[in-house]
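Residues per chain, in single letters:
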Amino acid sequence: MPIDDRDLTFTAADFRRVRDMVYRHAGIALSDAKSDMAYARLARRVRAMGEKRFSVYLDVLSADPAHPEWQAFVNALTTNLTAFFREPHHFEMLAQHYRMHADGQIYRVWSAAASTGEEAYSAAMTLAETRSAGWCRFELLATDIDTNVLKTAAAGVYHEERIALLNERQIKAHFLRGKGGNEGKVRIKPELSSAIRFGQLNLAAERWPDIGVFDAVFCRNVMIYFDGQTQRAILQRLAEHMQPHALLFLGHSENIQLITDAFTPCGRTAYRKAG
Ligand SMILES: C[S@@+](CC[C@H](N)C(=O)[O-])C[C@H]1O[C@@H](n2cnc3c(N)ncnc32)[C@H](O)[C@@H]1O
């Protein structure tokens with residue numbers, strides 16, 4: 001049934017199609033309650049295609065799995081909320097783990113749902129401040145399914161309000177303040193951003209690119225968008241990309257103990273690879 005106070009036609013059947021498509025493409029499981037959200041997020045895309053009906057927009061996507069609009073469709077439906085040093089206890093654990101890391105071996109961290117990059121930069125700042133240069137090197141991989149947020153992440157430019165909770169020492173050490181037209185913005189210093197590689201990775205894809213093995217993985221506040229089956233499959237694969245005793249950090253409302261025995265809890269929403 002079309003909904004009257006909307007300028008575009010969006011039926012219950014259209015919502016079911018959106019739900020199927022984003023589930024198959026990104027593993028994102030939308031509940032019935034997300035119908036309004038789907039309309040609000042996708043209406044701009046439908047209009048951009050010059051259409052009045054969601055069904056036509058969805059037909060275009062369905063007819064061509066390689067259509068470039070697929071990426072915009074997924075980008076529109078992801079939720080990208082993040083912050084520097086969100087759940088600071090994870091960064092304290094990361095510092096401890098890194099301190100114990102053997103000299104001479106590169107310490108590798110993966111931010112697996114990196115959004116606009118704050119999580120990866122927070123991890124990089126933590127590592128840079130934990131051991132003096134030359135002692136032990138680190139590198140980070142920051143990935144996300146959403147190509148828009150990855151652009152922001154790779155640029156490393158943020159509004160000053162985003163770093164309001166960081167202390168002056170950290171700001172001085174890791175950020176450059178914008179001048180002139182960039183007043184009110186900060187940029188991550190190149191020595192920090194050069195430690196991070198950014199790229200697209202769909203956690204729900206059948207295959208992941210060759211990303212290697214990590215000492216710590218941040219996979220925070222993304223599992224909540226997946227159903228149990230997808231969560232289990234992703235956790236199993238995460239474990240395969242982790243060193244023995246590597247750390248896994250999840251979001252505050254994500255509990256995986258009933259889903260997998262590949263990890264054992266070792267702190268608040270922190271896990272160690274089992275075995
Ligand atoms: C709420 S943000 C979490 C950001 C950060 N990890 C944090 O905790 O602050 C969730 C991120 O997961 C990403 N995401 C959703 N589905 C994904 C998938 N299938 N593969 C990779 N990333 C995905 C979204 O694009 C979004 O940027």
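Residues numbered from 1 in each chain as written. Predicted model: local features only at pLDDT ≥ 70, side-chain atom pairs only at ≥ 80, totals over all residues. Heavy atoms only, no water.

By the naming in an unreviewed UniProt entry, the protein goes by Chemotaxis protein methyltransferase and is assigned to Paludibacterium purpuratum. As recorded by UniProt, the Catalytic activity (unreviewed entry) comment attached to the protein reads in full: "L-glutamyl-[protein] + S-adenosyl-L-methionine = [protein]-L-glutamate 5-O-methyl ester + S-adenosyl-L-homocysteine". (UniProt positions renumbered as here; feature names shortened; annotations may be inferred.)

## Quick notes on the packing of aromatic side chains
Scanning all chains against the criterion turns up 16 aromatic pairs. Consider the rings of Tyr98 and Tyr107, whose centres lie 4.9 Å apart with planes at 55°: the pair is tilted. Judged by relative accessible area, which is 0%, Tyr107 ranks as buried. Taken together, Phe84, Tyr121, Tyr158, Phe175 and Phe198 form an aromatic cluster joined through their ring pairs. (Phe/Tyr/Trp six-rings, centres within 6.5 Å; stacked < 30°, edge-to-face > 60°. Buried < 20%, exposed > 50% of the residue type's maximum accessible area, 1.4 Å probe, protein only.)

## Brief notes about the domain arrangement of the protein
Domain parsing of the protein yields domain 1 (12-77) and domain 2 (89-273). A C-alpha centroid distance of 29 Å is found between domain 1 and domain 2. Listed by partner, the interface residues are nine residues for domain 1 and 12 residues for domain 2. Both faces combined, the contact of domain 1 with domain 2 buries some 780 Å², and carbon together with sulfur accounts for 44% of it. Three residues, Tyr23, Gln71 and Asn75, lead the burial of domain 1 against domain 2; their summed loss comes to 48% of the area buried on that side. Linking domain 1 with domain 2 are zero salt bridges, by the criterion used here. Across the contact surface, domain 1 and domain 2 share six residue pairs in polar contact (both at pLDDT 80 or more). Mapped by element, the contributors of at least two residues to the side of domain 1 that touches domain 2 are helix H1 (12-26) and helix H4 (69-77). (Domains from an automatic or database assignment. Contact = heavy atoms within 4.5 Å. Buried area = accessible area lost by both parts, 1.4 Å probe. Salt bridge = Lys/Arg side-chain N within 4 Å of Asp/Glu carboxyl O. Polar contact = N/O pair within 3.5 Å; in protein donor to acceptor, adjacent residues only side chain to side chain. Helix = DSSP H or I, 4+ residues; strand = E, 2+ residues; numbered from the N terminus.)

## A few points about the state of the cysteines
By the definition in use, this model includes zero disulfides. Free cysteine Cys219: the closest other cysteine sulfur is in Cys266, separated by 15 Å. (Disulfide = S-S within 2.5 Å.)

## Quick notes on the environment of Thr264
Within the secondary structure, Thr264 sits in strand E9 (residues 263-267). Through-space distance from the C-alpha of Thr264 to that of Leu248 is 9.5 Å; in sequence the pair is 16 residues apart. Sequence-distant contacts of Thr264, defined by excluding residues within four places in its chain, comprise Ala270, Tyr271, Arg272 and Ala274.

## Some remarks on the UniProt feature "binding site: S-adenosyl-L-methionine" (unreviewed entry) in the protein
UniProt feature "binding site: S-adenosyl-L-methionine" (unreviewed entry): in the numbering of this structure it lies at Asn80, Thr82, Arg86, Glu119, Asp144, Asn202, Leu203, Arg220 and Asn221. Leu203 gets classed as buried once you look at its relative accessible area, which sits at 5%. Excluding anything up to four places from it in sequence, Leu203 contacts Trp110, Ala112, Trp208, Cys219, Val222, Phe226, Ile234 and Arg237. Tracing the chain through its elements places Arg220 in the loop between strand E7 (214-218) and helix H10 (228-240). Overall, Arg220 belongs to the buried group, its relative accessible area being 3%. A polar contact of 3.0 Å, which involves the side chain of Arg220, links it to the side chain of His90.

## Quick word on the sheet that holds strand E6 (residues 196-200)
Read from one edge to the other, the open sheet built from seven strands follows the order E6-E2-E1-E7-E8-E10-E9, with strand pairing classed as mixed. Single-partner strands in this sheet number two, and they are E6 and E9. The mean inter-strand angle of the sheet, taken between neighbouring strand axes irrespective of direction, is 20°. Packed on one face of the sheet, helix H5 (residues 89-99) meets strand E1 (107-111), strand E2 (138-144), E7, strand E8 (242-249), E9 and strand E10 (270-273) and runs near 160° to E8. Sitting on the sheet, helix H6 (residues 118-130) is in contact with E1, E2, E6 and E7, with an inclination near 170° to E2. (Pairing = 2+ DSSP bridges. Axes fitted to C-alpha atoms, helices over the stretch in contact; angles between N-to-C directions.)

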